[in-house]
Structures are given as structure tokens and as C-alpha cells.
Amino acid sequence: MSEFFKAELKDRFLEYALERNDYFQVQTLYDEFLRPNYSLEYAQKLVQEIQTYDPDLLDIMSGNGMDIFMLASTPNTEDFLDEGGFMNLYVKEEEKWDTFLGQLSGTPKLTKEERKLLKKNTPDLKREKVMLVGLIVAVTISFLFTLISIFKETFLEPEYVPADEFERKINQLQEQYILENEKMQRELENAQRVLDSLQE
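As the structure is a computational prediction, the values presented were derived from the model and not from experiment. (Residues numbered from 1 in each chain as written. Predicted model: local features only at pLDDT ≥ 70, side-chain atom pairs only at ≥ 80, totals over all residues. Heavy atoms only, no water.)

Colleague: Please give an account of the overall build of the protein chain that cites residues and values.
Modeller: A count of helices and strands for the protein chain gives 7 helices and 3 strands. In the protein chain, the succession of helices and strands from N to C terminus is α-β-α-α-β-β-α-α-α-α. Taking all 200 residues of the protein chain together, 17% fall into the buried category. Sequence separation of at least 24 residues holds for 55% of the intrachain contacts in the protein chain that already meet a minimum separation of 6. Surface accessibility of the protein chain: about 16,300 Å² in total, with carbon and sulfur atoms responsible for 56%. (Helix = DSSP H or I, 4+ residues; strand = E, 2+ residues; numbered from the N terminus. Buried < 20%, exposed > 50% of the residue type's maximum accessible area, 1.4 Å probe, protein only. Contact = heavy atoms within 4.5 Å. Areas by Shrake-Rupley, 256 points an atom, 1.4 Å probe, with all protein chains shown as cover.)

Okay, here's the thing in C-alpha cells:
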């Protein structure tokens, strides 16, 4: 059962007690307001909640093995109902929660004028967003091209040598080849001499 319905039922219990000038049983409240969907124990629980809130709202007598057996209104009952009763307490509690949650959210509600201004300024904001996204995309593409060119220069393209450097290296290799060739020629001639002397 919702708190709203409970508050309404408690007020009805008090109004019923106020209409009567005598004591009556909790069973009467149960028969009048809660039968057949709820139990007698639930009616007793609601009366206990009324008593817990303010013991002077109802005059309660125990008996017949029950703590709450007979009830009657008191002078405070009428005053409490005139001030709004439990329903008023429920509304005030809800308002407190609404205020609290509103403070927590930290986002004040916009007025009509503010919403109109926001709608008018929205196209500019959209255009700025599109431009910002375009700029980010352009910077990203530029960065990728730079990265690719560095990678190609470092790993894929051959290293170029100037023409005069190339000629100098070729000359060096030719000289080395000639020297090596002469050296091998001498060694071969020596080997031939050794062979000739062994044959004699």
C-alpha cells in the first residue's frame, strides 16, 4: 500500500472517530474501510502508527486480549484534521523531497524565454560543432600522412647516393680489384715455380 493511501486511510479513521461520540472497536474500522482486501491486523497497525505519531489523537483502550481494542476521538483529533491531517503531512514530506532532489540535480528548470533563446542559438552551435569535427578530422588526416611518409622514407625507399660519391666508390672498387688481381697473379706464378722445381 502506498504512503499516500495510508495517509488517506489514517485521516478517514480519525474522521470516523470524530463523527462518533462513543468508543468503538478496531473491528469497526476494518469492516468500514479495509474489508475484504486487507486484514484486521493491518487496521490495528495503522491505528498504532497514528498513536506513534501523536498519542493524543485517539483515546485507546486495551481489552479482549488486544492492546488496541476500543477507540474514541479526543479534542486534539478535530484540531489535527483541521490542519490537514496525515494527508497534509504527506504532501509536505513530498514537497521536501522534491526540493531536496531539485537541489541535488543542480539543473534549474529553464523558463520559456530561456528555451526560446536556446532554440535560436542551436543552429550556431551545430555549425560550430560541424566545424570543430571537420578541423579534428583534417588534423588527424595530416598527422597520418606525415606518419606514412616518415615510415616510407625510413623503411621502404632506397638510400640515394650523389653521382661523384658513386664514381669515387666505383674507382675504389676497381683499384681494389686490380690490386687483388695482381696479388693473385704473383701467387700463381710462385706456385707455378714451385711445381716446376718439384718436377725437375
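Now that the structure has been shown, the text picks up again.
Colleague: I'd love a proper account of the sheet that holds strand β1 (residues 24–25), names of residues and values included.
Modeller: Taking strand neighbours across the sheet as the criterion, the 3 strands line up as β1-β3-β2 in an open arrangement whose pairing is antiparallel. Single-partner strands in this sheet number two, and they are β1 and β2 (58–63). Pairing analysis gives 5 bridges linking β2 to strand β3 (residues 66–73), with the strands arranged antiparallel. Residue pairing across strands places Leu58 opposite Ser73, the latter belonging to β3. (Pairing = 2+ DSSP bridges.)

Colleague: Mind laying out the pairing of β3, listing which residues take part and the relevant values?
Modeller: Of the pairings in the sheet, the one linking β1 to β3 comprises 2 bridges and is antiparallel in character. Considered in β3, the bridge of Phe24 is made with Leu71. Hairpin geometry of β2 and β3 is characterised by an intervening segment of 2 residues between the two adjacent antiparallel strands and by a positive phi of about 55° at Asn64.

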